[in-house]
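As a plain string of letters, each chain reads:
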Amino acid sequence: MPDPPTVHRFPTKHEGAFVNAYLVETASGAVAVDALLTVSDSREMRQALEAIGKPLQAVLLTHSHPDHYGGLVELVAGDDVPIIAPQGVIETIVRDDPLKEQILRPMFGDEWAVERIFPDTRIADGESLEFDDAVFTVVDLGPSESPHDSPWVLGRDERIVFLGDQIYDRKHCFLADGFWEQWLANIEALRARFPSDVVFHIGHGGPVRSEDFDWQRRYIETFLDAVNGADWSNQEQAHAAVVARMKTYLPTDELQFLMELSIEPVAAQLGLGE
Ligand SMILES: [Zn+2]
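These numbers come from a predicted model, not from an experiment. Each chain carries its own residue numbering, running from 1 in the direction its sequence is written. The predicted nature of this model means local features are confined to residues of pLDDT at least 70 and side-chain atom pairs, given and counted, to a pLDDT of 80 or more, with totals for whole chains, interfaces and linings taken over all residues. The side-chain figures draw on all heavy atoms in the structure; neither hydrogens nor water molecules are used.

> Can you help me understand the sheet that holds strand E6 (residues 121–122) in this one?
Hydrogen bonds along the backbone pair up the strands of a sheet, which may run parallel or antiparallel. For two strands to be treated as a pair, DSSP must find no fewer than two bridges joining them. Strands are runs of DSSP state E lasting at least two residues, helices are runs of H or I lasting at least four, and both sets are numbered from the N terminus onward. Strand order in the open sheet made by the six strands is E1-E2-E3-E4-E5-E6, with mixed pairing throughout. Edge positions in the sheet fall to strand E1 (6–10) and E6, since each has one partner strand and no second. Note: strand E5 (residues 83–85) against E6, two bridges, orientation parallel. Bridge assignment links alanine 85 to a residue of E6, and that residue is arginine 122.

> Please explain the packing of aromatic side chains as it appears in this structure.
The description of an aromatic ring pair rests on the distance of the ring centres and on the angle between the ring planes. Note on aromatic contacts: the rings of Phe and Tyr and the six-membered ring of Trp form a pair at centre separations within 6.5 Å, being stacked when their planes are under 30 degrees apart, edge-to-face when over 60 apart, and tilted otherwise. Throughout the structure, instances matching the rule amount to twelve aromatic pairs. Measuring from ring centre to ring centre gives 5.3 Å for phenylalanine 200 and phenylalanine 213, while their planes differ by 70°; the resulting arrangement is edge-to-face. With phenylalanine 200 in strand E11 (residues 199–202) and phenylalanine 213 in helix H6 (residues 212–229), this pair connects stretches of sequence that are 13 residues apart. Three labels apply to residues, based on accessible area from a 1.4 Å probe with only protein chains included: buried if under 20% of the type maximum, exposed if over 50%, partly exposed otherwise in between. Of the residues examined, phenylalanine 200 reaches a relative accessible area of 0% and is grouped as buried. Phenylalanine 213 gets classed as buried once you look at its relative accessible area, which sits at 0%.

> Explain the pattern of salt bridges to me, please; I cannot follow it from the model alone.
Side chains that differ in sign of charge can pair as their charged atoms come close. We count a salt bridge whenever a side-chain nitrogen from Lys or Arg sits within 4 Å of a carboxyl oxygen from Asp or Glu. Across all of its chains, the model carries 19 salt bridges by this definition. The salt bridge involving arginine 46 is made with aspartate 79; its shortest N-O contact spans 2.9 Å. Of this pair, arginine 46 sits in helix H1 (residues 39–52) while aspartate 79 is found in the loop between helix H3 (72–76) and E5, placing the two residues 33 residues apart along the sequence. What makes arginine 46 buried here is its relative accessible area of 11%.

> Could you clarify how one ought to interpret the side chain of serine 150 in this entry?
Within the element layout of this structure, serine 150 appears in the loop between strand E8 (134–138) and strand E9 (152–154). A relative accessible area of 0% means that serine 150 is categorised as buried. A polar contact is formed between the side chain of serine 150 and the backbone oxygen of leucine 61, at a distance of 2.8 Å. Apart from residues no more than four positions distant in its own chain, serine 150 is found in contact with Leu61, Thr62, His63, Pro86, Val89, Val138 and Val139. In the analysis that follows, any N or O atom pair within 3.5 Å is treated as a polar contact, provided that within protein one partner can donate a hydrogen and the other can accept it, and provided that, for residues neighboring in sequence, both atoms belong to side chains. Residue contacts are counted whenever heavy atoms from the two residues lie within 4.5 Å of one another.

Here you go:
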């Protein structure tokens, strides 16, 4: 049997990293999974690709959020390679990118790429792609953590999965898109699908395991409970109460701003606040 492909995680300094992306090194090339957010991180990923010395064969996207596609232009660096995702992921990125520009430019300045490129090659649910001995199969989840999500399974035995943001590795989570019901249902469907020894490479930290779905489910449920239970007659106090509750569940400030960005949108969706 051939050796399994090597998985490289970026940025190489994982500690405190905002977001992760991957290069899967095959016998004759490399396949990227996601592309990071910032110009410097995606440029570092490109330099690592060049140090490996094998051509980029494709970029696969795990979902529609900008911290996973913003670095595409630096990573691809003009190579003629397909950027592959389900149609719904492509449409969401094209639709939401102008809004993401308004949000991310003030936060990240020049580190949010001025020129951005989008996925250009669609793939249907369950379809597979082969690069040397590496077989990738897409799972088109539809709305989940983002408006459209698409984990990639590596290998026919389904023991390695690029899960995107379906599990965060003990970091605060983004729920502002409002698809938590689908997310919770997808957690159960994905848990049932993969073998118990599966390794999940994820968008924020990791790798994690199947049992980490439990932590993720409880995070989502705790957040909804905290928003529901807050006294929305005072929005500022309600916000602070949700933050306090979530920091009891997860005592870290890693990605806390993603959770804080989610409080008012989720309250509005639940008919609270305002
Ligand atoms: Zn993310």
